[in-house]
Amino acid sequence: MSRTAIRIAIDVMGGDLGPGEVVRGVAAAAREPGQTASFILVGDESVVRAELERARPVPPSVQVRHASQIIGMHDRPSEAYRRKPDASVVVAARLVRDDEANAFISIGNTGAAMAAAVYLLRPIEGIDRPAIATPLPSLREPVVLLDAGANVDCSPHQILEFAIMGLAYARRVLGRTAPSVALLSNGEEDSKGNELTRAAHKLLRESIPAFSGNIEGREVFGGMADVVVCDGFAGNILLKTGEGVAEMVLNMVREELTRHRWMSLPLLLLQKRLRALRSRIDYREFGGAPLLGVNGVCIVGHGRSDARAIGNAIRVAAASVEQDLVQEIARDIAARRSPQLT
């Protein structure tokens, strides 16, 4: 798809930092040289337009679509979806369904974004459960983790689907020529893991040529695989643990380097490298996590996303549309099912 055709809807009302941060991120992205995508800001029109005034200049490629309701972080997703049909995240998903947008982004209630995507866009044929694919930092290239929290309980067949979708994302969006996929477990041996892990291992070994076997949590951050699959319960724990450890390490480094006055000069000299280190592990640099397996591009961002993270989420959304990610997943799923149909 041509970049000129891309239209991205953004749920403005959901983030922890308020609508202004989202609007600033979109306005900055719209002003980037060579930017040809257009944007639809979805939310309370009076609030959004007030924030646009503060973010001037705003290119004409940024439009506003009114939504009279908001789904908060503490709302129960499936109930809120039914009770609030004019919520900003629902309206954003509906724009994709109705071909008024090619992708939508939300940094609000993750469950609500997933519910809107599943109910309105519907799963790709052959996909049992869509999954959140989250990039994780590693000593090598970023690693794609899925599921990162959409499905707490999974079957071996669903984990196989996660592997197929993750490999498609690694190829099309991350540009990996021959990506590998590993299964998160508590040991490398085939016999390790619970009943689900052992059954999934057997199915992946039989079905995915790129399957490299089990991987332990510490090896994930060593970049030993391009894609790591697991159920959403384990995946979300790994994700949140990784975020916590990264933040702890950065804070410890900062504390040690500012403990004594004589460290001021060395700290000044290290500032550039410290910024580079932070950028490698900062969730804002990854932008957002795509919900893979639905008939449309849905990007779920961190609730604490600032303007910089919003800009990176826009880049992820645009790349997913440009690289025909949804169609690639549909083809890969159909290709796996076709031998069974003949």
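These numbers were taken from a predicted model, which means no experiment stands behind them.

Chemist: Report on the overall build of the chain, specifying residues and quantitative values.
Modeler: The number of helices and strands found in the chain is 13 helices and 12 strands. At 21 Å, the chain has a C-alpha radius of gyration in line with the 20 Å of a compact globule built from 342 residues. With respect to the principal axes defined by its C-alpha atoms, the chain has extents near 65 × 60 × 40 Å. Taken over 342 residues, the chain has a buried fraction of 52%. Summarising the internal contacts of the chain: among those between residues at least 6 apart in sequence, 72% fall at separations of at least 24. Summing over all exposed atoms, the chain offers an accessible surface of approximately 16000 Å²; the carbon and sulfur share of this is 53%. Here the chain carries 41 positive and 40 negative side-chain charges, and the mean point of each set is 4 Å from the other.

Chemist: Describe in detail a nonpolar patch on the surface, supporting the description with residues and values.
Modeler: Taken together, Val 245, Met 248, Val 249 and Met 252 make up a surface patch of nonpolar side chains, about 330 Å² in accessible area. If you trace the backbone, Val 245 turns up in helix 9 (residues 232–257).

Chemist: Explain empty space enclosed by the protein to me, and be specific about the residues and the numbers.
Modeler: Rolled over the atoms, a probe as big as a water molecule pinpoints where empty space is left. The tally for this structure, following the rule as stated, stands at two cavities of 30 Å³ or more. Put simply, the largest cavity is a space of about 70 Å³. Considering the residues around the largest cavity, the lining is formed by 13 residues, among which Leu 291, Leu 292, Gly 296, Leu 325 and Val 326 are closest to the centre. The set of elements that each furnish at least two residues to the lining of the largest cavity consists of strand 11 (289–292), strand 12 (297–300) and helix 13 (325–341). Tallied by class, residues from the lining of the largest cavity come to 10 nonpolar, three polar and no charged. By volume, the second largest cavity is sized at about 60 Å³. Contributing to the lining of the second largest cavity are Asp 11, Met 13, Gly 14, Ile 70, Ile 71, Ser 88, Val 89, Ser 106, Gly 108, Asn 109, Ala 112 and Ala 113. For the lining of the second largest cavity, the secondary-structure elements that each account for two or more residues are helix 4 (88–97) and helix 5 (110–121).

Chemist: Would you mind going over unusual backbone geometry in detail, with residue names and values included?
Modeler: Negative phi characterises most residues that are not glycine, and trans characterises most peptide bonds. In this chain, Arg 56 is followed by Pro 57 through a cis amide linkage whose omega measures 5°. Looking at the secondary structure, you find Pro 57 in the loop between helix 2 (45–54) and strand 3 (62–66). Cis geometry is adopted by the peptide bond preceding Asp 147, which originates at Leu 146 and carries an omega value of 10°. Its place among the elements puts Asp 147 in the loop between strand 7 (143–146) and helix 6 (156–172). Positive phi values are uncommon outside glycine, yet Asp 99 reaches one of about 60°. Summarising the element assignment, Asp 99 is placed in the loop between helix 4 and strand 4 (103–106).

Chemist: Let's hear about the pairing of strand 12: which residues, and what values?
Modeler: With burial as the criterion, each face of strand 12 is covered, one bearing Val 297 and Ile 299 and the other bearing Cys 298 and Val 300. Sheet topology places strand 4 next to strand 12; four bridges connect them, and they run parallel. Within strand 12, the position partnered with Ala 103 by the bridge is Val 297. In the sheet, strand 11 pairs with strand 12 via two bridges, with the strands oriented antiparallel. Bridge pairing links Pro 290 to Ile 299 in strand 12.

Chemist: I'd like a description of the pattern of salt bridges, backed by residues and values.
Modeler: The full count for this structure, using the stated rule, is 17 salt bridges. Ionic pairing is found between Glu 53 and Arg 56, a salt bridge with its closest N-O pair at 3.3 Å. On the accessibility criterion, Arg 56 (59% relative accessible area) is exposed. The shortest N-O distance in the salt bridge between Arg 76 and Glu 79 comes to 3.4 Å. According to the relative accessible area criterion, Arg 76 is exposed, its value standing at 56%. Judged by relative accessible area, Glu 79 falls into the partly exposed class, the value being 34%.

Cut-offs applied
Residues numbered from 1 in each chain as written. Predicted model: local features only at pLDDT ≥ 70, side-chain atom pairs only at ≥ 80, totals over all residues. Heavy atoms only, no water. Helix = DSSP H or I, 4+ residues; strand = E, 2+ residues; numbered from the N terminus. Rg over C-alpha atoms; globule rule 2.2 N^0.38 Å. Buried < 20%, exposed > 50% of the residue type's maximum accessible area, 1.4 Å probe, protein only. Contact = heavy atoms within 4.5 Å. Areas by Shrake-Rupley, 256 points an atom, 1.4 Å probe, with all protein chains shown as cover. Lys, Arg positive; Asp, Glu negative; His and termini not counted. Charge placed at Lys NZ, Arg CZ, Asp CG, Glu CD. Patch = residues over 30% accessible without salt bridge, like charges linked within 9 Å, V, L, I, M, F, W, Y side chains within 5 Å. Salt bridge = Lys/Arg side-chain N within 4 Å of Asp/Glu carboxyl O. 1 Å grid on protein atoms, 1.4 Å probe; cavity = no way out; pocket = protein on both sides within 12 Å on 5 of 7 lines; lining within 4 Å. Points joined across faces, edges and corners; volume = space filled by probe spheres on them. Nonpolar A, V, L, I, M, F, W, Y, C, P; charged D, E, K, R; others polar. Pairing = 2+ DSSP bridges.

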